[in-house]
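Chain residues, written in single-letter form:
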Amino acid sequence: MVEWSAAERKIVADVWGKISIDEIGPQALARLLIVYPWTQRYFASFGDLSSAGAVLGNPKVSEHGKTVLGALDKAVKNMDDIKGLYAKLSKMHYDKLNVDPDNFRLLADCLSIVVATKFGSAFSPEVQATWQKFLSVVVAALTSKYF
Amino acid sequence: MVEWSDAERSNIALVWGKLGDDAGPVALARCVIVYPWTQRYFSTFGNLSSPAAIMGNPKVAAHGRTVMGGLERAIKNMDNIKATYAPLSVMHSERLHVDPDNFKLLSDCITVFAAMKLGPQVFNADVQEAWQKFLSVCVSALCRQYH
């Protein structure tokens, strides 16, 4: 089981408390689609993804970004059993959505970058280390039902 | 050979111009803090026992500046990064025995630093894409002579 120190729990809660799901979710997902364009293959029904501007303005991307961060909210609130929490979500991404699990890591990276742009120097090394640990646990949980 | 659009060249130069002298020291310190196994490469650097010790360690800072000096050579030779880095790649493989996975980790820390320093308007999705492409080319060139 993943061990979280009191300091780490506080950092994750603090970072999450300063983030607006509606603002950060859309940005992170848009950046994923722009910086790693092959990920667009999962969103063929989203309409116009033909340029950075189109992706950034696309309402389905925005909506889906909020959905993803909504799921992350559950992980923040259940840090002691993220694996159990995400078992069904993992199975769905594997069985139904057929998402290559490498892409979870890419989205996590984009999320960290968006948080870094927003926090500036408040994204200290300790905060970065803890936040990235949290996201790696999330990514591992999402990958856990793949095999 | 890697193709760079005018927009990419411009965005990469933009980021490079704004990074500042502390980019190397801060990015290397973060790498050693966030991915602690990388400390194995710096056993002669003295006190790496805590984030504060690492952030204040003068050998880490000096080495961070050395790394950025290497990156500057890539900036000045964007059309031939592979050849520019060939001797550096041989050195990291044969003399320093650095696991090449670690190049990606350091490049991620440099990107986080850039995101923090530049903020979301300047380090937007297009700029992020160009910058990460540049760093992946550098990482790839550093890995090139390993086998």
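In what follows, the structure referred to is the one given above.
Right, let's walk through the structure included here. (Residues numbered from 1 in each chain as written. Chains lettered and ligands numbered in written order. Predicted model: local features only at pLDDT ≥ 70, side-chain atom pairs only at ≥ 80, totals over all residues. Heavy atoms only, no water.)

### Some thoughts on the overall build of chain B
As a reminder of what qualifies: The numbering of helices and of strands both runs from the N terminus, where a helix is a DSSP run of H or I of at least 4 residues and a strand a run of E of at least 2. Radius of gyration: over C-alpha atoms. The globule rule applied is 2.2 Å multiplied by the number of residues raised to the 0.38 power. Using a 1.4 Å probe on the protein chains alone, a residue whose accessible area is under 20% of its type maximum counts as buried, one over 50% counts as exposed, and one in between counts as partly exposed. Residues count as neighbours in contact if any of their non-hydrogen atoms are within 4.5 Å of one another. In this description, accessible areas are obtained by the Shrake-Rupley approach with a 1.4 Å probe, and a residue is regarded as covered only by the protein chains that are shown. A positive count includes Lys and Arg, and a negative count includes Asp and Glu. His and the chain ends are not counted in either. All charge positions are set by atom: Lys at NZ, Arg at CZ, Asp at CG, Glu at CD.
Secondary structure summary: chain B contains eight helices and zero strands in total. For chain B, the sequential pattern of α-helices and β-strands runs α-α-α-α-α-α-α-α. What you see for chain B is a C-alpha radius of gyration of 15 Å, in line with the 15 Å of a compact globule of 147 residues. Here the C-alpha coordinates of chain B stretch approximately 45 × 40 × 20 Å along the principal axes. The burial tally for chain B puts 50% of its 147 residues in the buried class. Once local pairs closer than 6 in sequence are excluded, the contacts in chain B between residues at least 24 apart make up 75%. Accessible surface for chain B amounts to roughly 7200 Å². Of this, 55% is attributable to carbon and sulfur atoms. When the 14 basic and 13 acidic side-chain charges of chain B are each reduced to a single mean position, those positions are 7 Å apart.

### Section: the side chain of B:S93
All names here are of chain B. Examined against the element boundaries, S93 turns out to sit in helix α6 (residues 86-95). On the basis of relative accessible area, S93 is assigned to the buried category, the value being 15%. Once residues lying within four places of it in the same chain are set aside, the contact partners of S93 are Q145 and Y146.

### Re the nonpolar core
Side chains that are nonpolar tend, in soluble globular proteins, to be buried together. Rules: Only buried Ala, Val, Leu, Ile, Met, Phe, Trp, Tyr and Cys residues count toward a nonpolar core, and they belong to the same one when joined by side-chain atoms within 4.5 Å.
One finds A:W131, A:F134, B:W131 and B:F134 to be the most contacted residues of the largest nonpolar core, which totals 103 residues. Discounting chain neighbours no more than four positions away, the residues touching A:F134 are A:W4, A:V12, A:L72, A:A75, A:V76, A:M79 and A:I82.

### Digging into the environment of A:D95
All names here are of chain A. Rule in force here: By the criterion applied in these results, polar contacts are pairs of N or O atoms within 3.5 Å in which, for protein atoms, one can donate a hydrogen and the other can accept it, and in which residues neighboring in sequence qualify only through two side-chain atoms.
With respect to the secondary-structure elements, D95 resides in helix α6 (residues 87-95). A relative accessible area of 45% means that D95 is categorised as partly exposed. Sequence separation of D95 and Y146 is 51 residues, and the distance between their C-alpha atoms is 8.4 Å. Only 2.6 Å separates the side chain of D95 from the side chain of K91, close enough to count as a polar contact.

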